[in-house]
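Residue-level listing of the chains:
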Amino acid sequence: MSATTSSDLRYMQQAIDLAKKGLYSTKPNPAVGCVLVKDGQVVGEGWHQRAGQPHAERVALAQAGVNAKGATAYVTLEPCSHFGRTPPCADGLIEAEVARVVVAMQDPNPMVAGQGIERIRNAGIEVLVGVLEAEAKQINLGFIRKMEKQLPFVRLKMASSLDGRTAMENGESHWITGEESRLEVHRMRARCGALITGIGTVLADNPSLTVRLSDEELAKLNLTQDNCHPIRVVLDPNLSMPLDAKMLGLPGRTILMTSRETAERSPEIVEAIDAKGVDMVAVAAEDDRLDIESILRYLAEVEQINDVMVESGAIVAGAFIQSGLVNELHCFIAPSLMGNMAKPMFVLPGIETMADKINLRIQSIDRFGDDARIVLALKD
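Attention here is on the structure that accompanies the text. Computed from a predicted structure; not experimentally measured.

## Considering the pattern of salt bridges
Then, in step 1: Counted according to the given criterion, the structure contains 18 salt bridges.
Then, in step 2: In this structure, K157 and E311 form a salt bridge, with 3.3 Å as the shortest nitrogen-oxygen distance. Here E311 lies in strand β14 (residues 307-311) and K157 lies in strand β6 (residues 153-161), a separation of 154 residues in the sequence.
Then, in step 3: Note on K157: relative accessible area 12%, which makes it buried.
Then, in step 4: For E311, a relative accessible area of 10% translates into the label buried.
Then, in step 5: For E184, the salt bridge identified is with R373, shortest N-O distance 3.1 Å.

Below, the structure is given as structure tokens:
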């Protein structure tokens, strides 16, 4: 097997940049890029745009045509080896008679999981695996987590003042952060497959929970007004959802998550919710607290959701943090002070001493206008 060269790194980075074009539009599929190189020249390139459409390798092969023979293929994810809505990409590379395949990472999907690489090698084609693997994994964190853990990747978004407050005592909260931060939140919504909030937020704010971006902005994300909205998931243990809630009349699906006990004892409410075209899912619960892991497993396994974003009040946000199932915490912090009477970011019962505190690890800090965004992860 040949060693990784500087050319391998350069062309794999090009494939990764192509894959990023599909970050918002490929769900539930992974975002993948492919570059075909022959005699030091790019002869074909492609990226997966949407589920059901040709995979990156097939797009690149079609562009290269006969020039694919003898070329090196750079692919950010192991070529698939099974028939889905499209034929196996491993077979396409073999049939095109490429000379070498460089793969960033093995596919965590059990239906592939090394079989594509093995099939290509068995055809006598050299395969190099692991080039820019860490960078490739960052593109598909949700897909990887769903395949390995049967859970989606969870981003918890909070907007607060510098003193950690999210609303005034009377509930007033528009707007804590600036326009640039709010635009980034809409991009985050467009990337996720499901957006989770609590019934308390619905009753207090009557939010839309839609993606509100211009046609021009959506086009940059390979999306349209018709396909940009994530599934809205409302945690509603007592079925308190107002049937005239704003979100129920807006584009996109809404799912109400409630307890099995509540669903069984409230057939009339269930029927009224169903008549509004709202899906209802009953999950495990203890008292008025829905089981967060059950919610996330449903979204991953039934709805095929890779990435989830939580936008909620302090109680739901605190419950998600204490569940240990939040992968990233995105805190948008405005340079303002709202005072000790204002509402906090999290309700975290049980923390009484320094030994009880929850430790986080800062992953990145960036700016949006006057605001700062800190991305954090729970420490292991």
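## Observations concerning the sheet that holds strand β5 (residues 126-129)
Sheet strands pair by backbone hydrogen bonding; their relative direction is either parallel or antiparallel.
Then, in step 1: Pairing within the open sheet is mixed, and its five strands lie in the order β2-β1-β3-β4-β5. A strand with exactly one partner marks an edge of an open sheet, and here the two such strands are β2 (41-47) and β5. On average, adjacent strands in this sheet sit at an angle of 15 degrees to one another, irrespective of strand direction.
Then, in step 2: Relative to strand β3 (residues 72-75), strand β1 (residues 33-38) is paired through four bridges, and the arrangement is antiparallel. In the sheet register, V35 faces β3, and the bridge partner there is Y74.
Then, in step 3: Sheet contacts for helix α1 (residues 6-19): β1, β2, β3, β4 (100-103) and β5; angle to β1, the most-contacted strand, approximately 145 degrees.
Then, in step 4: Here helix α2 (residues 56-64) sits on the sheet in contact with β1, β2 and β3, set at roughly 140 degrees to β2.

## Things to note about the environment of A245
Then, in step 1: Checked against the element boundaries, A245 lands in the loop between β9 (231-235) and β10 (254-259).
Then, in step 2: Not counting the four nearest positions on each side in its chain, A245 is found in contact with V202 and N206.

## Here we look at the sheet that holds strand β11 (residues 279-283)
Then, in step 1: Judged by pairing direction, the sheet is mixed, and its nine strands sit side by side in the order β11-β10-β9-β8-β14-β6-β15-β18-β17 without closing on themselves. Whereas interior strands pair on both sides, the edge strands pair on one side only; in this sheet they are β11 and β17 (360-368). The sheet shows a mean angle of 25 degrees between the axes of neighbouring strands, direction not considered.
Then, in step 2: Here β9 runs beside β10; their pairing, made up of four bridges, is parallel. Across the sheet, V233 pairs through a bridge with I255, a residue of β10.

## What about the pairing of strand β15 (residues 328-334)?
Then, in step 1: Counting buried positions over the seven residues of β15 gives six, a clear majority of the element.
Then, in step 2: Pairing between β6 and β15: seven bridges, direction parallel. Along β15, the bridge assignment pairs K157 with H330.
Then, in step 3: Bridge analysis of β15 against strand β18 (residues 371-378) gives five bridges, and the strand direction is antiparallel. Residue pairing in the sheet places L329 in a bridge with L376 of β18.

## Considerations on the state of the cysteines
Cysteine pairs can be covalently joined through their sulfur atoms, and such a bond is termed a disulfide.
Then, in step 1: In this structure the tally under the stated criterion is zero disulfides.
Then, in step 2: The closest cysteine sulfur to the non-disulfide-bonded C34 is located on C89, 8.4 Å from its own sulfur.
Then, in step 3: Accessibility expressed as a relative area gives 0% for C34, which makes it buried.
Then, in step 4: Cysteine C228 shares no disulfide, and the gap to the nearest cysteine sulfur, in C192, comes to 11 Å.

## A look at the packing of aromatic side chains
For any pair of aromatic rings, geometry is given as the distance between the ring centres together with the angle between the planes.
Then, in step 1: Tallying each qualifying case throughout the model produces two aromatic pairs.
Then, in step 2: Between Y11 and Y74 the ring centres are 5.5 Å apart and the planes differ by 40 degrees, which places this aromatic pair in the tilted class. A residue pair is termed long-range when its members are at least 10 positions apart, and Y11 in helix α1 and Y74 in strand β3 qualify at 63 residues.
Then, in step 3: Judged by relative accessible area, which is 9%, Y11 ranks as buried.

Rules behind the numbers
Residues numbered from 1 in each chain as written. Predicted model: local features only at pLDDT ≥ 70, side-chain atom pairs only at ≥ 80, totals over all residues. Heavy atoms only, no water. Salt bridge = Lys/Arg side-chain N within 4 Å of Asp/Glu carboxyl O. Helix = DSSP H or I, 4+ residues; strand = E, 2+ residues; numbered from the N terminus. Buried < 20%, exposed > 50% of the residue type's maximum accessible area, 1.4 Å probe, protein only. Pairing = 2+ DSSP bridges. Axes fitted to C-alpha atoms, helices over the stretch in contact; angles between N-to-C directions. Contact = heavy atoms within 4.5 Å. Disulfide = S-S within 2.5 Å. Phe/Tyr/Trp six-rings, centres within 6.5 Å; stacked < 30°, edge-to-face > 60°.

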